[in-house]
Amino acid sequence: MPQLQEDANVRMREDVKRALSKPVEERSWVMVIDIEKCIGCHACTISCIAENVSPPGVTYRKVFDIETGEYPDVKRLFMPTNCMHCDNPPCAKAANAIVPGAIEKRPDGIVVLNYKKFRGKKVFEAATIACPYTAFYYDDGSFYTQNTPKLESYETRPSFEYGKKWIRKKGKDEPPIETGRKCHFCLHRLNAGMVPACVTTCTGRAMYFGDLNDPQSLVAELLKNKPSYRVNENLGTKPRVYYLHGTYTEKELKEGCAACHE
Ligand code: SF4
Ligand code: SF4
């Protein structure tokens with residue numbers, strides 16, 4: 001098992017490097033999650049918070065603990081979720097109608113926020129209402145250690161989202177404070193040749209990332225050979241996160257999703 005994990009990580013790093021050697025419009029980033037391998041440990045959630053120095057209430061990635069079926073025929077599954085990087089993102093339409101350029105769909109598929117424009121509650125609420133996947137969080141300027149003798153340095157160190165240096169300062173109304181936030185497929189890490197933090201941290205090796213346009217990539221191989229499912233595909237959003245459902249039926253997965261989207 002440890003050998004297999006290492007092999008997947010090495011291969012995905014190579015896949016990312018190959019993708020970076022092509023023009024951006026020829027890349028097609030996707031995330032693949034093998035539901036059967038997720039053990040619900042939440043290591044991905046913690047690594048995302050650490051990578052992006054997210055404050056209280058901001059969790060780009062969550063793992064839902066779901067029970068489906070009726071006793072005695074029940075099953076339990078863990079469903080990791082983040083922004084789906086939709087190819088037809090309703091959030092962008094809603095936000096850009098209020099502040100043009102607040103949300104951008106990149107040619108490689110990643111849906112990015114412009115932290116200088118995606119500011120304040122009005123544009124955040126419009127995007128949040130439009131997103132069918134509850135992907136947005138609002139940075140209200142709070143800190144985990146705000147009521148202690150001093151703010152800890154792990155909360156005041158910079159983050160590098162979107163390839164820029166961001167420092168959250170107490171009492172300062174500057175991005176990313178008073179700004180909507182969400183998963184960005186770790187674009188800053190990709191640009192440095194690394195796979196997303198949540199993927200490398202996954203203890204069950206349940207997550208994969210790479211370029212779907214590259215037939216040699218691990219993600220392309222998995223999606224070619226295993227049945228997959230995308231959440232709320234019927235809405236026409238064209239999400240870029242695929243779930244390998246293994247022994248779970250599509251009906252069970254739909255029931256699972258419905259439990260969180262009631
Ligand atoms: S999941 Fe939500 S936030 Fe992400 S691209 Fe789709 S609509 Fe936008
Ligand atoms: S891809 Fe990066 S930003 Fe998105 S959930 Fe994973 S760690 Fe967080």
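The structure contained in this document is the topic of the report that follows. (Residues numbered from 1 in each chain as written. Chains lettered and ligands numbered in written order. Predicted model: local features only at pLDDT ≥ 70, side-chain atom pairs only at ≥ 80, totals over all residues. Heavy atoms only, no water.)

1. Digging into the site of ligand 2
Neighbouring residues of ligand 2: Cys48, Asn52, Tyr60, Arg61, Asn82, Cys183, His184, Phe185, Cys186, Pro196, Ala197 and Cys198. Mapped by element, the contributors of at least two residues to the shell around ligand 2 are α2 (43-52) and α7 (197-201). In terms of residue class, the shell around ligand 2 is made up of eight nonpolar, three polar and one charged. (Near = heavy atom within 4 Å. Helix = DSSP H or I, 4+ residues; strand = E, 2+ residues; numbered from the N terminus. Nonpolar A, V, L, I, M, F, W, Y, C, P; charged D, E, K, R; others polar.)

2. Remarks on the site of ligand 1
Taken together, 14 residues form the shell around ligand 1, and within it Cys83, Met84, Cys86, Cys91 and Cys131 come nearest. Among the residues making up the shell around ligand 1, the classes are represented as twelve nonpolar, one polar and one charged.

3. Structural notes on the pairing of strand β2 (residues 62-70)
Where β2 meets strand β3 (residues 73-81), nine bridges bridge the pair, whose relative direction is antiparallel. Bridge pairing in β3 places Glu67 opposite Arg76. The antiparallel pairing of β2 with β3 creates a hairpin that spans two residues between the two strands. (Pairing = 2+ DSSP bridges.)

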